[in-house]
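# Observations on the three-dimensional arrangement
Below, each chain spelled out in residue letters.
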Amino acid sequence: MKITVYGAEQKCASCIHLPSALETKEWLEAAVSRRFPEDKIEFHYCDIEHPETEEERRFSELILDDEYFYPLVVLNGEAVAEGDPRLPALYREIEKSLPVQP
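Scope of this entry: the structure provided in the associated data block. The model shown is predicted, which means the values in this text are computed figures rather than measured ones. (Residues numbered from 1 in each chain as written. Predicted model: local features only at pLDDT ≥ 70, side-chain atom pairs only at ≥ 80, totals over all residues. Heavy atoms only, no water.)

### Quick look at the overall build of the protein
In terms of regular secondary structure, the protein is built from three helices and four strands. Listed N to C, the secondary structure of the protein is β-α-β-α-β-β-α in terms of helices and strands. The 102 residues of the protein split such that 38% are buried. Of the contacts made within the protein by residues no fewer than 6 positions apart, 57% connect residues no fewer than 24 positions apart. Split by element, the accessible area of the protein, about 6,500 Å² in all, is 48% carbon and sulfur. (Helix = DSSP H or I, 4+ residues; strand = E, 2+ residues; numbered from the N terminus. Buried < 20%, exposed > 50% of the residue type's maximum accessible area, 1.4 Å probe, protein only. Contact = heavy atoms within 4.5 Å. Areas by Shrake-Rupley, 256 points an atom, 1.4 Å probe, with all protein chains shown as cover.)

Here it is, written out as structure tokens:
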């Protein structure tokens, strides 16, 4: 499972009082790792000004075109949160993506 947080060094205008996208990624990584300690979840940060992969370019363009706010949280290629992500909603999305336990 992969979680990518998209953002930029400069905060968006509506995010002045919120943590930066990189700080959001670090906070989410700590919180999610505590909640799902047994699950292999990879975390990645993408600067929207310097995307590296095709998926990163696609989401970066959507953010730059004002389709999404950043920080944008993408779980396995699907946007699941933007702006100020809420842990309960993110936890639900992660749980839906986990393998079903017998």
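Let's pick the thread back up.
### Here we look at the side chain of E56
In this structure, E56 sits in helix α2 (residues 54–64). There is no salt bridge for the buried E56, and the closest opposite charge comes from K2, which lies 5.2 Å off by N-O distance. Excluding anything up to four places from it in sequence, E56 contacts Y6, H44, C46 and P51. (Lys, Arg positive; Asp, Glu negative; His and termini not counted. Salt bridge = Lys/Arg side-chain N within 4 Å of Asp/Glu carboxyl O.)

### Re the pattern of salt bridges
Summed over all chains, the structure comprises five salt bridges. In this structure, the salt-bridge partner of R86 is D84, at a minimum N-O distance of 3.1 Å. For R86, a relative accessible area of 55% corresponds to the exposed category. With relative accessibility at 34%, the residue D84 sits in the partly exposed group. The partner of K96 in a salt bridge is E93, with the nearest N and O atoms 3.2 Å apart. Linking K96 with E93, this pair stays in helix α3 (residues 87–97), spanning three residues, or about one helical turn.

### Here we look at unusual backbone geometry
Y70 connects to P71 through a cis peptide bond whose omega is 5°. Of note, P71 is situated in the loop between α2 and β3 (72–75). The backbone of D66 sits at a positive phi, close to 65°, despite the residue not being glycine. Its relative accessible area of 68% is what places D66 among the exposed residues. Phi is positive for N76, which is not a glycine, with a value near 50°. Relative to the helices and strands, N76 resides in the loop between β3 and β4 (78–82).

### Some thoughts on the pairing of β4
Taken together, the four bridges between β3 and β4 define a ladder with antiparallel strand orientation. Counterpart to L72 in the pairing with β4 is E82. Taken together, β3 and the strand that follows it, β4, pair antiparallel across an intervening segment of two residues, in which N76 is found at a positive phi of about 50°. (Pairing = 2+ DSSP bridges.)

### Thoughts on the side chain of K25
Tracing the sequence through the fold places K25 in helix α1 (residues 21–35). Its relative accessible area of 14% is what places K25 among the buried residues. Other than its neighbours up to four places away in sequence, K25 contacts V5, F43, H44 and Y45.

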